[in-house]
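# Notes for the structure review
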Amino acid sequence: MRHVETLTSALRALDHEYGGGACRDACVALLNWASPLLDAGSASRVLHRLQVAIADLHNLAGWASFDMGLLESAHLHFGRAMGLARASGNCALEANIHYRMGRVHLHYELAEDALASFRRGLPVARASGSTLAMSILHANEAWALAKLGAERQALRQFACAEDEFARARTEDAPPWARFFDLADLVSIGGMVHTELARTCDVRYARSAIPLLTRAISSGGEDAARSQSFRLAALAMNYLVRNEPEQALEVGEQAIAVSGPIRSARTRDRMRPLKQEAARMRGNEAADRLASSLGKFMTSSQGAA
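No experiment lies behind these values; they were computed from the predicted model shown. (Residues numbered from 1 in each chain as written. Predicted model: local features only at pLDDT ≥ 70, side-chain atom pairs only at ≥ 80, totals over all residues. Heavy atoms only, no water.)

Looking now at the overall build of the protein chain. Scanning the protein chain from terminus to terminus reveals 14 helices and 0 strands. Written out in order from the N terminus, the α and β elements of the protein chain read α-α-α-α-α-α-α-α-α-α-α-α-α-α. Radius of gyration (C-alpha) of the protein chain: 19 Å, near the 19 Å computed for a compact globule of 304 residues. Summarising its shape, the C-alpha atoms of the protein chain cover approximately 70 × 40 × 30 Å along the three principal directions. Per-residue burial for the protein chain yields a buried fraction of 55% across its 304 residues. For the protein chain, contacts bridging at least 24 residues in sequence account for 67% of all contacts bridging at least 6. For the protein chain, the accessible surface area stands at approximately 13300 Å², while carbon and sulfur atoms represent 51% of it. Each charge class in the protein chain can be summarised by its mean position, and for the 35 positive and 33 negative side chains these summaries are 2 Å apart. (Helix = DSSP H or I, 4+ residues; strand = E, 2+ residues; numbered from the N terminus. Rg over C-alpha atoms; globule rule 2.2 N^0.38 Å. Buried < 20%, exposed > 50% of the residue type's maximum accessible area, 1.4 Å probe, protein only. Contact = heavy atoms within 4.5 Å. Areas by Shrake-Rupley, 256 points an atom, 1.4 Å probe, with all protein chains shown as cover. Lys, Arg positive; Asp, Glu negative; His and termini not counted. Charge placed at Lys NZ, Arg CZ, Asp CG, Glu CD.)

Structure (C-alpha cells):
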C-alpha cells in the first residue's frame, strides 16, 4: 500500500513536469498490479487506505489520459476513482475528482458542463473541511463563468477562491491537491481575465497580463506544462491588445517550453493563439507567430 502511494507521488511529479505521456503507461501498469489487492480481504482500516490509494492512482491515470487526448480512457479512470473515493468516504479526494472532470469539460469548451462539475464538488469539499479544496473549485468555477461571459459572477467566485486560499495556507494538503500553490491561483486569475477579455470587454487583457506575468515568474522549473499554458495565454492577451511583437516574443517562449512536454493539451492550448495571430495576417510579427505555431502543432513532439 505504501508502495502504491510512493509510486503515485513520483508519477504525479513526472506528469506535472513532463506531461501525461511521461507517466500514463506506468500508472496503468501499477493499477494492473495494485487493483487485485482490493479483493485480498484486508482489515477494514487497511482496506480504507488501499481504496484511497488506488482511487488516487486512477485519478492520476485519468488526468494523464486527458492530457494525452485519450478522452474515453480519462472518463473510465475518473469513474473508477470516484467509486473508490466514495466507498472510502474520502470527501477531499471525491471533490478533487469533480474538479478534474470539470477541467476536462473546460478544455473542450463545454463551460456549462464544467461549471456543473465544479459546483457538484463544492458541497463535497465543504464536507471534507478543506478550504484548499474549496479554493481550487471556486477558482475553476470562476474560469468557467468567465468563458460564459458571466463577468460579475466570475469575479465574485475568484475573490472567494482567494479568501479560501489565504485561510488554507496552514493546511496539510493531501497529495492530489498539493500542486495548487500561489502561482496556480494567480495563473487561474489570469485565465479568468483572459476569458473576460474575449467574452466581455477587451480591457480585461490589460489586467490579465500582470497576473500571468506574476504566475510565470513564480512558477518553478518543475511546472513546464503550466508555464506553457501561462505563456500561451499571455501571448493571446498581447494579441488582443494589438501588440504582436510582444506576442511573438512570448509565443516563442511558449513553444520552446512546450517542446519536451508529452502532452496533447499544450498543442490544443496553442490553437486559439494561432487563430488570433492569423486574424492579423499581413503583420510581420503575427505572421511569424502563426507560422511557428503551425510548425509546432504539426511536429511529433507537439502532437505527442
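The next subject is a nonpolar patch on the surface. The grouping of Leu71, Tyr108 and Leu110 at the surface amounts to a nonpolar patch, some 220 Å² of accessible area in total. Mapped onto the elements of the fold, Leu110 is located in the loop between helix 5 (91–107) and helix 6 (111–128). Classification of Leu110 as partly exposed rests on a relative accessible area of 39%. (Patch = residues over 30% accessible without salt bridge, like charges linked within 9 Å, V, L, I, M, F, W, Y side chains within 5 Å. Salt bridge = Lys/Arg side-chain N within 4 Å of Asp/Glu carboxyl O.)

Aromatic ring pairs are described here by two measures, namely the spacing of the ring centres and the angle between the planes. For the coordinates displayed, the defined rule picks out 5 aromatic pairs. For the pair Trp63 and Phe66, a centre-to-centre distance of 5.3 Å together with 65° between the ring planes defines the contact as edge-to-face. Highlighted residues: Trp63 and Phe66, both in helix 3 (residues 44–67), separated by 3 residues, approximately one helical turn. For the residue pair Trp63 and Phe66, the accessibility class agrees, reading buried in each case. Here the aromatic rings of Phe165 and Phe180 are separated by 6.0 Å at their centres, their planes lie at 75°, and the arrangement is edge-to-face. On the criterion of sequence distance, the pair formed by Phe165 in helix 8 (residues 151–167) and Phe180 in the loop between helix 8 and helix 9 (182–199) is long-range, its members being 15 residues apart. Pair check on accessibility: Phe165 and Phe180 agree, each one buried. Within the aromatic cluster, the residues linked to one another by ring pairs are Trp63, Phe66, Tyr99, Phe165, Phe179 and Phe180. Between Arg203 and the ring centre of Tyr204, over which it is positioned, the NZ or CZ distance is 4.6 Å. (Phe/Tyr/Trp six-rings, centres within 6.5 Å; stacked < 30°, edge-to-face > 60°. Lys NZ or Arg CZ within 6 Å of the ring centre and 35° of its normal.)

This part takes up the confidence of the model for the protein chain. Residues of the protein chain with pLDDT of at least 70 account for 96%, and the chain-wide mean is 93. pLDDT under 50 marks residues 300–304. Its contacts with residues more than four places away, or in other chains, come to 12 contacts. (pLDDT = per-residue confidence, 0-100.)

Attention now goes to the environment of His98. Here His98 lies in helix 5. Look at His98 and you get buried, because its relative accessible area is 6%. Setting aside residues no more than four positions away along its own chain, His98 makes contact with Met82, Arg86, Ser117, Phe118, Arg120, Gly121 and Val124.

Here we come to the packing of helix 13 (residues 264–278) against helix 14 (residues 284–298). For any two helices packed against each other, one specifies the inter-axial angle together with the distance between the axes. The interhelical angle for the contact between helix 13 and helix 14, taken along N-to-C directions, is 155°, at an axis separation of 9 Å. It follows from the interaxial angle that helix 13 and helix 14 lie roughly antiparallel. Remark: the crossing between helix 13 and helix 14 carries left-handed chirality. Judged by residue contacts, Thr266, Arg267, Met270, Arg271, Leu273, Lys274, Ala277 and Ala278 of helix 13 engage Ala286, Leu289, Ala290, Leu293, Gly294, Phe296 and Met297 from helix 14. (Axes fitted to C-alpha atoms, helices over the stretch in contact; angles between N-to-C directions. Parallel < 35°, antiparallel > 145°, perpendicular 65-115°, else oblique. Left-handed = near helix turned anticlockwise from the far one by under 90°.)

Our focus in this paragraph is the packing of helix 1 (residues 2–18) against helix 11 (residues 224–240). Relative to each other, helix 1 and helix 11 sit at 30°, their axes nearing to 4 Å. Taken together, the axes of helix 1 and helix 11 lie roughly parallel to each other. Residue-level inspection shows Asp15, His16 and Glu17 of helix 1 in contact with helix 11, the latter providing Ala224, Arg225 and Ser226. Classifying every residue of the contact of helix 1 with helix 11 gives 1 nonpolar, 2 polar and 3 charged. (Nonpolar A, V, L, I, M, F, W, Y, C, P; charged D, E, K, R; others polar.)

A word on unusual backbone geometry. Positive phi values are uncommon outside glycine, yet Glu109 reaches one of about 65°. Assignment of secondary structure puts Glu109 in the loop between helix 5 and helix 6. Phi angles above zero are rare outside glycine, and Asn242 is one such case at about 60°. By secondary structure assignment, the location of Asn242 is in the loop between helix 11 and helix 12 (244–258). Judged by relative accessible area, Asn242 falls into the exposed class, the value being 53%.

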